[in-house]
Amino acid sequence: MQHSTHQTELAGKIPLRDALRALLPRTKEEMKLDLSERVDRSIVTLLKQATDLFYGGRVSECLEASDAVCDYSWEKLNTGAWQDVDKDWRRVYAFGCLLKVLCLCEAPGDAATMPAALKVCDMGLLMGAAILEDILIKVAAILQKYLSGKRPSPAPAQEQHSIKKARKEHASVPDMSSERAVPRLHCPSLQYFREHHLVPERPVILEGVATHWPCMKKWSVQYIQEIAGCRTVPVELGSRYTDEEWSQRLMTVNEFISKYILGEPKDIGYLAQHQLFDQIPELKQDISVPDYCCLGDGEDEDITINAWFGPPGTVSPLHQDPQQNFLAQVIGRKYIRLYSPRESEALYPHSTHLLHNTSQVDVESPDLERFPRFAEAPFLSCVLCPGEVLFIPAKCWHYVRALDLSFSVSFWWS
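Along each chain, numbering runs from 1 in the same order as the chain's sequence is written. Restriction of local features to residues with pLDDT of at least 70 applies here, the model being predicted, together with a cutoff of 80 or more for giving and counting side-chain atom pairs; totals for whole chains, interfaces and linings are based on all residues. Excluding hydrogens and water, the side-chain values take into account all heavy atoms of the structure.

K.L.:
Please explain the environment of histidine 398 as it appears in this structure.
P.N.:
Going along the chain from the N terminus, every DSSP run of H or I of four or more residues is numbered as a helix, and every run of E of two or more is numbered as a strand. Position of histidine 398 relative to the elements: it lies in strand S13 (residues 397-402). Remark: exposure states derive from per-residue accessible area (1.4 Å probe, protein chains only) relative to the maximum for the residue type, with buried under 20%, exposed over 50%, and partly exposed in between. Assessed through its relative accessible area of 5%, histidine 398 is described here as buried. Taking the C-alpha atoms as reference, histidine 398 lies 38 Å from cysteine 97; in sequence the two are 301 residues apart. Here, two residues are considered to be in contact whenever any of their heavy atoms come within 4.5 Å of each other. In contact with histidine 398, other than residues within four places in its own chain, are Ser316, Pro317, Leu318, His319, Gln320, Asp321, Arg337, Leu338 and Ile392. Any pair of nitrogen or oxygen atoms within 3.5 Å is treated as a polar contact; in protein, a donor-acceptor pairing is required on top of that, and neighbouring residues in sequence qualify only through side-chain atoms on both sides. Reaching out from histidine 398, the side chain makes a polar contact with the backbone oxygen of cysteine 396 at a distance of 2.9 Å.

K.L.:
When you look at a negative patch on the surface in this model, what are you seeing that I'm missing?
P.N.:
In this analysis, a patch consists of residues with relative accessible area above 30% that form no salt bridge, clustered at 9 Å for like charges and at 5 Å for the nonpolar side chains Val, Leu, Ile, Met, Phe, Trp and Tyr. Throughout, the Shrake-Rupley method with a 1.4 Å probe supplies accessible areas, and for residues the shown protein chains are the sole cover considered. Each reported salt bridge corresponds to a side-chain nitrogen of Lys or Arg within 4 Å of a carboxyl oxygen of Asp or Glu. His is not counted, nor are the chain ends; Lys and Arg add positive charge and Asp and Glu add negative charge. For this purpose, a charge sits on NZ of Lys, CZ of Arg, CG of Asp or CD of Glu. A contiguous patch of negative charge, built from Glu299, Asp300, Glu301 and Asp302, is present on the exposed surface. Within the fold, aspartate 300 resides in the loop between helix H14 (281-284) and strand S7 (304-310). Relative accessible area serves as the criterion here: at 55%, aspartate 300 is assigned to the exposed category.

K.L.:
Would you take a moment to explain unusual backbone geometry for this structure?
P.N.:
Residues other than glycine predominantly adopt negative phi, and peptide bonds predominantly adopt the trans conformation. Its identity is not glycine, yet glutamate 133 carries a phi of approximately 55°, on the positive side. With respect to the helices, strands and loops of the structure, glutamate 133 is situated in the loop between helix H6 (113-127) and helix H7 (135-148). With relative accessibility at 56%, the residue glutamate 133 sits in the exposed group. Of note, aspartate 134 is a non-glycine position whose phi angle comes to about 55°, a positive value. With respect to the helices, strands and loops of the structure, aspartate 134 is situated in the loop between H6 and H7.

K.L.:
What is the right way to look at the packing of aromatic side chains in this model?
P.N.:
Any two aromatic rings considered together are summarised by their centre-to-centre distance and by the angle between their planes. Whether two aromatic rings pair depends on their centres lying within 6.5 Å, for rings of Phe, Tyr and Trp, where Trp uses its six-membered ring; planes under 30 degrees apart make the pair stacked, over 60 edge-to-face, and the rest tilted. Counting across every chain of the model gives 19 aromatic pairs. Each ring, one from tyrosine 270 and one from tryptophan 308, has its centre 6.3 Å from the other, and the planes form 50°; the classification is tilted. Highlighted residues: tyrosine 270 in strand S6 (residues 269-274) and tryptophan 308 in strand S7, separated in sequence by 38 residues. Summarising the burial analysis for this pair, tyrosine 270 and tryptophan 308 share the class buried. Residues tyrosine 339 and phenylalanine 379 carry aromatic rings whose centres are separated by 5.3 Å and whose planes lie at 40° to one another, so their mutual orientation is tilted. Highlighted residues: tyrosine 339 in strand S10 (residues 334-339) and phenylalanine 379 in the loop between S10 and strand S11 (380-384), separated in sequence by 40 residues. Take tyrosine 339 and phenylalanine 379: they sit in the same class, and that class is buried. Here the aromatic residues Trp219, Phe256, Tyr260, Phe277, Phe309 and Phe407 are joined through ring pairs into a cluster of three or more. Whether a charge lies above a ring is judged from NZ of Lys or CZ of Arg, which has to be within 6 Å of the ring centre and within 35 degrees of the ring normal. The cationic tip of arginine 337 hangs over the ring face of phenylalanine 379; the distance from NZ or CZ to the ring centre is 4.2 Å.

K.L.:
Would you take a moment to explain the confidence of the model for the chain for this structure?
P.N.:
For any part of a model where pLDDT is low, the fine detail of the predicted coordinates should not be relied upon. A residue's pLDDT is the predictor's confidence in that residue, given on a scale from 0 to 100. Taken as a whole, the chain shows an average pLDDT of 90; of its residues, 92% reach a score of 70 or greater. Counted against residues more than four places away or in other chains, residues 2-12, with its pLDDT under 50, gives 21 contacts.

K.L.:
How do you make sense of the nonpolar core when you look at a structure like this?
P.N.:
Nonpolar side chains tend to gather and get buried jointly when the protein is soluble and globular. Working definition of a nonpolar core: buried Ala, Val, Leu, Ile, Met, Phe, Trp, Tyr and Cys residues. They are joined through side-chain atoms within 4.5 Å. Ranked by internal contacts, the top residues of the largest apolar core, which has 50 residues, are Leu16, Leu98, Val101, Ile135, Val139 and Leu143. Breaking this core down by element, the ones donating at least two residues are helix H2 (16-21), helix H3 (41-55), helix H4 (59-77), helix H5 (87-106), H6 and H7. The leading source of residues in this core is H5, at 12 residues. Setting aside its immediate chain neighbours within four residues, isoleucine 135 contacts Leu23, Leu24 and Leu98. Within the second largest apolar cluster, 49 residues are counted, among which are Cys215, Leu262, Cys293 and Phe407.

K.L.:
Please explain the packing of H5 against H7 as it appears in this structure.
P.N.:
To describe two helices that pack against each other, one gives the angle between their axes and the distance between the axes. Angles here are taken between N-to-C directions and fall from 0 to 180 degrees, while the axes themselves are lines fitted to C-alpha atoms, restricted in helices to the stretch in contact. Two elements in contact, H5 and H7, have axes separated by 11 Å at closest approach and are oriented at 25°. Relative to H7, H5 is oriented roughly parallel. As H5 packs across H7, the resulting crossing turns out to be left-handed. In this structure, H5 contributes Ala94, Leu98, Val101 and Cys105 to the contact, and H7 contributes Ile135, Leu136, Val139 and Leu143. Any residue outside Ala, Val, Leu, Ile, Met, Phe, Trp, Tyr, Cys, Pro, Asp, Glu, Lys and Arg is labelled polar, Gly included; the first ten of those are nonpolar and the last four are charged. In terms of residue class, the contact of H5 with H7 is built from eight nonpolar, no polar and no charged. Oblique is the label for any angle not covered by the other classes, which are roughly parallel (under 35 degrees), roughly antiparallel (over 145) and roughly perpendicular (65 to 115). The crossing is said to be left-handed when, going from far helix to near helix, the turn is anticlockwise and less than a right angle, and right-handed when the turn is clockwise.

K.L.:
Would you take a moment to explain the environment of glutamine 222 for this structure?
P.N.:
If you trace the backbone, glutamine 222 turns up in helix H11 (residues 221-228). By relative accessible area, which is 33% here, glutamine 222 ends up partly exposed. A C-alpha to C-alpha distance of 36 Å links glutamine 222 and serine 359, two positions 137 residues apart in sequence.

K.L.:
Looking at this structure, how should I read the sheet that holds strand S1 (residues 180-181)?
P.N.:
Adjacent strands of a sheet form backbone hydrogen bonds with each other and so pair up, either parallel or antiparallel. Here a strand pair is declared whenever DSSP counts at least two bridges between the two strands. Pairing is mixed in the open sheet, where five strands are placed in the order S1-S11-S10-S13-S8. Here the strands that pair on one side only, and so sit at the sheet edges, are S1 and strand S8 (315-319). In the sheet, S1 pairs with S11 via two bridges, with the strands oriented parallel. When the bridges of S11 are listed, arginine 180 appears paired with leucine 380.

K.L.:
I tried to follow the pattern of salt bridges on my own but got confused; where do I start?
P.N.:
Oppositely charged side chains can pair when the atoms bearing their charge come close. Scanning all chains against the criterion turns up 17 salt bridges. The closest approach of N and O atoms between glutamate 106 and arginine 21, which form a salt bridge, is 3.2 Å. In this pair, glutamate 106 is assigned in helix H5 and arginine 21 in helix H2, connecting sequence segments 85 residues apart. The partly exposed category is assigned to arginine 21, whose relative accessible area is 27%. The partner of glutamate 179 in a salt bridge is arginine 337, and the shortest N-O contact between them spans 3.9 Å.

Set out below in structure tokens:
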């Protein structure tokens, strides 16, 4: 592939279409689709036709064909359970999105064209699978660089006031005087952490491990808007995922911040458990994988890094995860309770397969008539503050409530 080593730096210095074409194989023959027999031959043929049309300079016809590819594969992606969707159909969708973006950017028309192209690119990243050495990430970086030169001036005074107000709002802090606190350590050695916490599965707050990360000084609502504002992300709507009215919606980060961080919405919006750092590598440069992850069995690429960004009051119900977890707090504070896996019966997990890892109990307002044993279950608690990292052992039950406007980063590792 004819890759430029400084793709994003080139943005703004050469025409957009040339910057994007520099990422592509030189010829249509080099554009390898490599799709299995599980993909309908008619769609493979249509995708090849769309590729031929693009390389042949027939942009409007290619746009029509790539639209059809996206529409058909979208139906495949939304039929049945997500885990059952064949990865090749996700690759088809990604190819369709790539060609559509390239067509839109061949001769960008009005001011809405590039944001529309970036949204298509994000949809390919969110719903598709990696193609051509993660080309959609590189395309998105170039589009974002071009768009950054067209950004409006700094937020007006009214919005600055809203940001300050959002940072001052707090949810109620529980009385923790009778609760056992999670122990704290300052930069323990790998061996000490392994022997005293990883192997015996004991939670601990690590101090001094993340305080030097660039995100601790750089990240703010304004900075996140600047770096990620035009990007499309999935947002959870509702106070907690166990509620019947809970749902998810795709929107830009700017829309999310405007409505759910700065506005006064009727419901809660939460950018939760999203691999934002794969989508926007520029943000990934501001964090580091904790050294203690090297004690696991996997490689660095096996570590799942998720973003958790929302207003005060967001709640993750009491649940457990199958992997080890480091939860790093960047902005705001979170109240957290931790229960041993040995207490599972007293935590009353849901009986359905979908929610078997989630408790039925509302932790801070339990119905003790329905769940009498819950009151006897011992637990640890803490308020996690910026710069602190909480180790949550695999299968340890945990409940999390944001006390302030909050941004956390989780690292799931084996």
